[in-house]
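So the chains spell out like this:
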Amino acid sequence: MSHFRSLAGVLKLQNLQCFRKPAVAGRSFFPNRRCCSSGATQPLVNGCSSNYVEEMYYAWLENNKNVHESWDVFFRNVSAGASSGDALQKTASSLFHSQGLAQAPAQAEKVVEDHLAVHSLIRAYQIRGHHVAQLDPLGILNADLDSFVPADLITTIDKLGFYGLLESDLDKMFQLPSTTFIGGLDTALPLREIIRRLETSYCGHIGVEFMFINNMEQCQWIRQKFETPDIMKFTSEEKRTLLARLIRSTRFEDFLARKWSSEKRFGLEGCEVLIPALKTIIDKSSEAGIDSVIMGMPHRGRLNVLANVVRKDLNQIFCQFDPKLEAADEGSGDVKYHLGLYHERVNRVTDKNITLSLMANPSHLEAVDPVVQGKAKAEQFYRGDIDGKKVMSILMHGDAAFAGQGVVYETFHLSELPSYTTNGTIHVVVNNQIGFTTDPRMARSSPYPTDVARVVNAPIFHVNADDPEAVMYVCKVAAEWRSTFNKDVVIDLVSYRRFGHNEMDEPMFTQPLMYKQIRRQVHVLKKYSDKLIAEDTVTLQEFEEEISKYDRICEEAYTSSKDAKILHISHWLDSPWPDFFTADGEPKSMSCPLTGLEEDVLQHIGNIASSVPMQDFTIHAGLSRILRGRSEMTRKRRVDWALAEYMAFGSLLKDGIHVRLSGQDVERGTFSHRHHVLHDQEVDKRTCVPMNHLWQNQAPYTVCNSSLSEYGVLGFELGFAMASPNALVCWEAQFGDFHNTAQCIIDQFISSGQAKWMRHNGIVLMLPHGMEGMGPEHSSARPERFLQMSNDDSDAYPEITEDFEVHQLYDCNWIVVNCSTPANYFHVLRRQILLPFRKPLIIFTPKSLLRHPEARSSFDDMITGTRFRRMIPEEGIAAQSPDNVKRVIFCTGKVYYELAKERKQQDLESEVAIVRLEQISPFPFDLVKAEVEKYAKAELVWCQEEHKNMGYYEYIKPRFLTVLSQDRPIWYVGRDPAAAPATGNKNTHLTELKRYLDTVFNLQAFEGKKF
Ligand SMILES: Cc1ncc(C[n+]2csc(CCOP(=O)(O)OP(=O)(O)O)c2C)c(N)n1
């Protein structure tokens, strides 16, 4: 076989030596047998590409009657040892002699060469046709940023020479390869027609980029969709629907512009086709069975999408423009072009129910992408929609943001991962060829803004947005692509922005020539309506009536919007949880639950956690040791950190709560303590998740190692947590400090999401934290950052009512804890779900404590009747005689163990009390007050291992002073202020540790000092 492959190579090289780019001349082995049947009738001279030779060879091997006589002679000659060139000569001459043809062998070779050239030409259009497609409606820019015309496209007749073809060849017939569909039912076409059809398919208003896809079936599918003659046909009905949608899109923007000429709305003018485009995608997807679409989009055209795609009541949209209306709901709200929405309706085209949700998002472009994906994944998961046949996501992008924002890349890389895939997303780029004031040439290095999608082999359909039918066709194909292959696809709507970045901006400052052209540009609605009127699809009167009808709808909604007295943010919820809250959106109860468990449940989970609940499963010897340790602990009614977590997760699963833990290497655990996925040492890829073997009817447990991303993955998990309140969704950072690459998700969604969008979210962030001499990174999860964003008032001592604890949790924007015991970690995880509302939970999790012999808890602290302790007071000798206590050290987390050890060594257990703050925020004012009053004569110290300008001190200090009515000082002991979170020098680390331990137990340290 290799003989024939090299033969094909020889043929190629001999015949196509004039080609500059070897890729053009066919590049891959393609054992497609479909054309074998025609091989019997096709003579050798009609086709000689490498693929074709191989096809013929396979067919000949099976039976020499399968191929044309010429091939038979040829293969027999080669098999007899002739060189390929000789074989060809011999074949030609024997054939011509036997058939009495007068053609000379040299002519036969020319025919072969020409066929190869035509095959290459076809391929060139498939690969590079988009470079010359007429994509820019303005006709002034090149969508690929380059005016270069590929040498191998026949844009002028003289370029035939590139292939060694002549003008006289234009009317010769050429056999078409199986990798093209331009022939329709014809297997051969004249060269002139071949070029014409290729131009129609690849160089018109659609530019298709797909030949980088490493999948033959997918490439064939796309070729068929764009090459088949006359495939882009629309019925009159479809055209009328398209026109009606374009009218709505256009007139909606016009209406807003008329009524609120000086308001920012980030209008869609120049890309009005987005609305019919989305509607087509939704229609086609609904036809294929989709009944829930989750969308994310930036500012541009958002109000239009809300009005005309999601179908939000127009009067509610118009209310948002009234600056005098006050908000009825709690929270600070958001600007109108960020609000989300959830809406169930009937799709008029398919007559099927469909739910559309547009996710609320911040200004931070593309930040919502992974959030949408997470929510879509969760909906698919909870509905058992494994292949995404019911739920899908659509993401819209601006061209500058799509190219510039790294989270786009991170999101694409989730698209094919089993625990993160949404089974194909349709991306729509509103490519108005400008980013605010920045020209695309300054905004990206890639030819197209969409090149990022190539990493996942997503096809990219560039389309001139001033050709609505081309856009609709592309949308239809994209929807079919998704339902056929369940893979991402990109639609690049090459358009323009009629006005400035927002309605107040003057674009002529920076893009004068472009905007001169834009002013001359005939509106797409005008162009399309003229076309339909000219071809008698609609009459002018019908067109005008449709416009008046929609204008009337807008006017009526505008009038009724004037009656609104108040704004309801709750009307803009993108993820309502109707069964979780009351009809008014309130929690059904207001109690802080007990979170302990029956002893037998603890025992059962402990037993499963120490076992391998699968037959014939060989685990690693080191893991056997760990499991034995768990078994031993369970027997002794004790837990370490990993087992406490097991018990929290396992018990929630028992109650039907889905638990999902995602992050880098979480399955084993960065610190090799978790081991939630066991790997058979004998059978490759055989795994066992004991957590899923706990109870018969338990909820599923998902534990998944993520891609190496924080921004993308945390956003995804946040989205996942939005779908249902009955799930514990946890994201664990590899080390806590890495969370800052996801800072945007933390700031824009987690910290402030409820205030802006009234949306509850119970996501848990597990952030390994602790100064352990590991250097500036890997040490601090930056508690100060989270605490600085906590919304509890530092200066107001709250009213302490009976249900203060739960109210405080309800009012806060997130909960920040640093547990010092496994039992408390267990309780806080369970409390997260047992609370009657949802709040993000930030946990600073330990590293060395995972194995610290003292960091163990007894079942006694976890059984029924026990609960999360916001503060753990001194429980030793000091607590028995508080008046003898000279100093109370308040601290949080791991440093407690260092303090307790040092206190013991210095024999200060009756003079120094140590109090642990487990819930740092919201601050347990009530408990701290009780503790400082108990030790009324003692000096109060806050001790932390972090640097003074980091950690917790800046947060706790004003709150302590509020508790103390500013009457007593709270001294600081810890590391000095610093720029980096920790030293890189082990020795310095230990010196610093010794220094603050010395200070904290030096009872004279603050004598004579001023606070
Ligand atoms: C992450 C981020 N950086 C900067 C901005 C400020 N900004 C708002 S719109 C915009 C231009 C966006 O251009 P493009 O993505 O092409 O969308 P268009 O506005 O042209 O529709 C910029 C830079 C932002 N919103 N988000």
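Residue numbering note: each chain is counted from 1, following its sequence as written. Local features are withheld for residues below a pLDDT of 70 in this predicted model, meaning they are given only at 70 or higher, and side-chain atom pairs are given and counted only at 80 or more; totals for whole chains, interfaces and linings count all residues. Heavy atoms from the whole structure form the basis of all side-chain values; hydrogens and water molecules are not counted.

1. Side note on empty space enclosed by the protein
For step 1, the next point in the chain: The rule is simple: put a 1 Å grid over the protein atoms alone, call a set of points where a 1.4 Å probe fits but cannot get out a cavity, call an open set with protein on both sides within 12 Å along at least five of seven lines a pocket, and count a residue as lining if it has an atom within 4 Å of a point. Grid points are joined across faces, edges and corners, and a volume is the space filled by probe spheres set on the points. Per the stated rule, a full pass over the model turns up 12 cavities of 30 Å³ or more.
For step 2, the next point in the chain: If you add up the space inside the largest cavity, you get close to 100 Å³.
For step 3, the next point in the chain: Contributing to the lining of the largest cavity are 17 residues, with His769, Asn818, Gly893, Lys894 and Glu945 lying nearest its centre.
For step 4, the next point in the chain: Of all the secondary-structure elements, those providing two or more residues to the lining of the largest cavity are strand S21 (841–845) and strand S27 (939–947). Going along the chain from the N terminus, every DSSP run of H or I of four or more residues is numbered as a helix, and every run of E of two or more is numbered as a strand.

2. Section: the packing of helix H8 (residues 216–227) against helix H17 (residues 468–485)
How two helices sit against one another is set out by the angle between their axes and by the gap between those axes.
For step 1, the next point in the chain: Helix axes use the C-alpha atoms of the stretch in contact, all axes being lines fitted to C-alpha atoms, and the angles between their N-to-C directions lie in the range 0 to 180 degrees. Look at H8 against H17: their axes get within 11 Å of each other, and the N-to-C directions meet at 155°. What the angle tells us is that H8 and H17 run roughly antiparallel. H17 is crossed by H8, and the crossing has right-handed handedness. Packed against H8, whose contacting residues are Glu217, Gln218, Trp221, Ile222, Lys225 and Phe226, the element H17 presents Tyr473, Val474, Val477, Glu480, Trp481, Thr484 and Phe485 at the interface. Roughly parallel covers angles under 35 degrees, roughly antiparallel covers those over 145, roughly perpendicular covers 65 to 115, and oblique covers all other angles. Definitions for this section: a left-handed crossing has its near helix turned counterclockwise from the far helix by less than a right angle. A right-handed crossing has that turn clockwise. By definition in these notes, contact holds between two residues if any of their heavy atoms fall within 4.5 Å.

3. Overview of the pattern of salt bridges
For step 1, the next point in the chain: Note on definitions: salt bridges are taken to be side-chain nitrogens of Lys or Arg within 4 Å of carboxyl oxygens of Asp or Glu. Tallied over the full model, the rule gives 53 salt bridges.
For step 2, the next point in the chain: Here Arg251 makes a salt bridge to Asp254, at a shortest N to O gap of 3.7 Å. With a gap of three residues between them, Arg251 and Asp254 both fall in helix H9 (residues 236–259), about one helical turn apart.
For step 3, the next point in the chain: Working definition: with a 1.4 Å probe on protein chains only, accessible area under 20% of the residue-type maximum means buried, over 50% means exposed, and in between means partly exposed. Residue class for Asp254 comes out partly exposed when judged on its relative accessible area of 24%.
For step 4, the next point in the chain: Via salt bridges that share partners, Glu805, Arg831, Arg867, Arg870 and Asp926 belong to a single interconnected network.

4. Concerning the side chain of Asn347
For step 1, the next point in the chain: By the element assignment, Asn347 lies in strand S6 (residues 341–347).
For step 2, the next point in the chain: N or O atoms closer than or at 3.5 Å make up a polar contact, with two conditions inside protein: a donor-capable atom paired with an acceptor-capable one, and, for residues adjacent in sequence, both atoms drawn from side chains. A polar side-chain atom of Asn347 sits 2.9 Å from the main-chain amide nitrogen of Val349.
For step 3, the next point in the chain: Looking at Asn347, its side chain comes within polar contact range of the main-chain nitrogen of Thr350, at 2.9 Å.

5. Structural notes on the sheet that holds strand S17 (residues 701–705)
For step 1, the next point in the chain: In space, the seven strands of this open sheet follow the order S17-S14-S18-S19-S21-S20-S26, with mixed pairing throughout. A strand with exactly one partner marks an edge of an open sheet, and here the two such strands are S17 and strand S26 (919–921). Each strand axis lies, on average, 20° off the axis of its neighbour in the sheet, ignoring direction. Pairing between strands is defined by DSSP: at least two bridges between them are needed.

6. Some thoughts on the side chain of Ser858
For step 1, the next point in the chain: Here Ser858 shows up in strand S22 (residues 857–858).
For step 2, the next point in the chain: Within polar-contact distance, the side chain of Ser858 engages the backbone nitrogen of Asp860 at 2.9 Å.
For step 3, the next point in the chain: Every residue in contact with Ser858, bar those within four places of it in the chain, is listed here: Arg637 and Arg638.

7. Observations concerning the pairing of strand S4 (residues 292–296)
As a general feature of sheets, a regular strand has side chains that alternate between the two faces.
For step 1, the next point in the chain: When you tally the buried positions in S4, you get five out of five residues, the bulk of the element.
For step 2, the next point in the chain: Side chains Ser292, Ile294 and Gly296 of S4 all project onto a buried face; the interleaved residues Val293 and Met295 project onto the opposite face, where all are buried too.
For step 3, the next point in the chain: Here S4 pairs with strand S7 (residues 352–358) via four bridges, running parallel. Along S7, the bridge assignment pairs Ile294 with Ser357.
For step 4, the next point in the chain: Across five bridges, the pairing between S4 and strand S8 (residues 391–398) is parallel. Note that in S8 the partner of Met295 across the bridge is Ile394.

8. Examining the site of the ligand
For step 1, the next point in the chain: Taken together, 15 residues lie around the ligand, and Arg300, Ser363, Asp399, Ala400 and Ala401 are the ones closest in.
For step 2, the next point in the chain: Between the ligand and Ser363, the relevant distance is 2.9 Å, taken from a nitrogen atom to a main-chain nitrogen or oxygen of the residue.
For step 3, the next point in the chain: At 2.9 Å, a backbone N or O of Ala400 approaches an oxygen atom of the ligand.
For step 4, the next point in the chain: Throughout, the Shrake-Rupley method with a 1.4 Å probe supplies accessible areas, and for residues the shown protein chains are the sole cover considered. The fraction of the free accessible surface of the ligand (570 Å²) that becomes covered by protein chains is 74%.
For step 5, the next point in the chain: Among the elements that line the shell around the ligand, the one with the most residues is helix H14 (residues 399–404), at three residues.
For step 6, the next point in the chain: As a working rule, the residues Ala, Val, Leu, Ile, Met, Phe, Trp, Tyr, Cys and Pro are called nonpolar, Asp, Glu, Lys and Arg charged, and the rest polar, with Gly in that last group. Considering only residue class, the shell around the ligand consists of five nonpolar, eight polar and two charged. Proximity criterion: a residue is near a molecule or strand once any of its heavy atoms comes within 4 Å of it.

9. Side note on the sheet that holds strand S25 (residues 912–917)
For step 1, the next point in the chain: With mixed pairing, the five strands of this open sheet are ordered in space as S23-S25-S24-S27-S28. Each edge of the open sheet is held by one strand with a lone partner, namely strand S23 (871–872) and strand S28 (970–975).
For step 2, the next point in the chain: Relative to S25, S23 runs antiparallel, the two sharing two bridges. By the bridge assignment for S25, Ile872 is matched with Arg916.

10. Notes on helix H19 (residues 524–534)
For step 1, the next point in the chain: For H19, the complete set of buried residues consists of Val524, Leu525, Tyr528, Ser529 and Leu532. Seen from one end, H19 has its buried residues packed into an arc of 120°, which puts them on one side.
For step 2, the next point in the chain: On the buried face of H19, the contacting elements are H9, H17 and helix H20 (540–561).
For step 3, the next point in the chain: Positive phi shows up at Asp536, right after H19, with a value of about 70°. In this description, the arc belongs to the directions extending from the helix axis to the C-beta atoms.

11. Re the confidence of the model for the protein
For step 1, the next point in the chain: Residue-level confidence of the predictor is summarised by pLDDT, bounded by 0 at the bottom and 100 at the top. Here the protein shows a mean pLDDT of 90. Residues at 70 or above account for 89%.
For step 2, the next point in the chain: Counted against residues more than four places away or in other chains, residues 1–41, with its pLDDT under 50, gives 86 contacts.

12. Concerning the packing of H9 against H20
For step 1, the next point in the chain: Two numbers describe how H9 lies on H20: the axes approach to 9 Å, and their chain directions differ by 45°. Relative to H20, the element H9 lies oblique. Handedness of the crossing formed by H9 with H20: right-handed. In this structure, H9 contributes Arg240, Leu243, Ala244, Ile247, Arg248, Arg251, Phe252, Phe255 and Lys259 to the contact, and H20 contributes Glu542, Phe543, Glu546, Ile547, Tyr550, Asp551, Ile553, Cys554, Glu555 and Tyr558.
For step 2, the next point in the chain: Within the contact of H9 with H20, the residues separate by chemical class into 11 nonpolar, no polar and eight charged.

13. Side note on the nonpolar core
For step 1, the next point in the chain: Side-chain atoms within 4.5 Å link the members of a nonpolar core, which is a set of buried Ala, Val, Leu, Ile, Met, Phe, Trp, Tyr and Cys residues. Ranked by size, the top nonpolar core spans 188 residues in total, and within it Leu274 and Ile956 carry the most contacts.
For step 2, the next point in the chain: It is H17 that contributes the most residues to this core, 11 residues altogether.
For step 3, the next point in the chain: Non-local contacts of Leu274, meaning those with residues more than four positions away in its chain, are made with Leu268, Met297, Val305, Met396, Val428, Val430 and Leu493.
For step 4, the next point in the chain: Listed in part, the 80 residues of the second largest apolar core include Tyr701, Leu835, Leu899 and Leu997.

14. A look at the environment of His364
For step 1, the next point in the chain: Along the polypeptide, His364 turns up in the loop between S7 and helix H13 (368–382).
For step 2, the next point in the chain: Judged by relative accessible area, His364 falls into the partly exposed class, the value being 36%.
For step 3, the next point in the chain: Taking C-alpha positions, His364 is 7.7 Å from Cys744, a pair spaced 380 residues apart along the chain.
For step 4, the next point in the chain: Apart from residues lying up to four places away in sequence, His364 is in contact with Cys744 and Gln748.

15. A short note on the environment of Tyr646
For step 1, the next point in the chain: Residue placement: Tyr646 occurs in helix H23 (residues 641–654).
For step 2, the next point in the chain: For the pair Tyr646 and Arg674, spaced 28 residues apart in sequence, the C-alpha to C-alpha distance is 8.5 Å.
For step 3, the next point in the chain: Excluding residues that lie within four positions of it along the chain, Tyr646 makes contacts with Ile605, Ala609, Arg630, His676, Pro690 and Met691.

16. Notes on H13
For step 1, the next point in the chain: The terminal C-alpha atoms of H13 lie 21 Å apart, and with 15 residues this matches the ideal 21 Å at 1.5 Å per residue to within 8%.
For step 2, the next point in the chain: Taken across its 15 residues, H13 has 13 buried, putting it largely inside the fold.
For step 3, the next point in the chain: Two residues or fewer past H13, Gly384 is found with a positive phi of approximately 65°. A helix is expected to span 1.5 Å multiplied by its residue count minus one.

17. Section: the packing of aromatic side chains
For step 1, the next point in the chain: Stacked, tilted and edge-to-face pairs are distinguished by plane angle, under 30 degrees for stacked and over 60 for edge-to-face with tilted covering the rest, among Phe, Tyr and Trp rings (Trp via its six-membered ring) whose centres lie within 6.5 Å. Overall, the coordinates contain 40 aromatic pairs when judged by the stated rule.
For step 2, the next point in the chain: Measuring from ring centre to ring centre gives 5.3 Å for Phe786 and Trp814, while their planes differ by 50°; the resulting arrangement is tilted. With Phe786 in helix H27 (residues 783–788) and Trp814 in the loop between helix H28 (804–811) and strand S20 (815–817), the pair connects residues that are 28 residues apart, well separated along the chain. When sorted by exposure, Phe786 lands in the same class as Trp814, which is buried.
For step 3, the next point in the chain: Following the ring pairs from residue to residue traces out a cluster consisting of Phe786, Tyr797, Trp814, Phe844, Phe890, Phe923, Phe925, Trp942, Tyr952, Tyr955 and Phe960.
For step 4, the next point in the chain: Only lysine NZ and arginine CZ atoms are considered, and such an atom sits over a ring when it is within 6 Å of the ring centre and within 35 degrees of the ring normal. Here Arg660 stacks its cationic end above the ring of Tyr420, 5.1 Å away from the centre of that ring.

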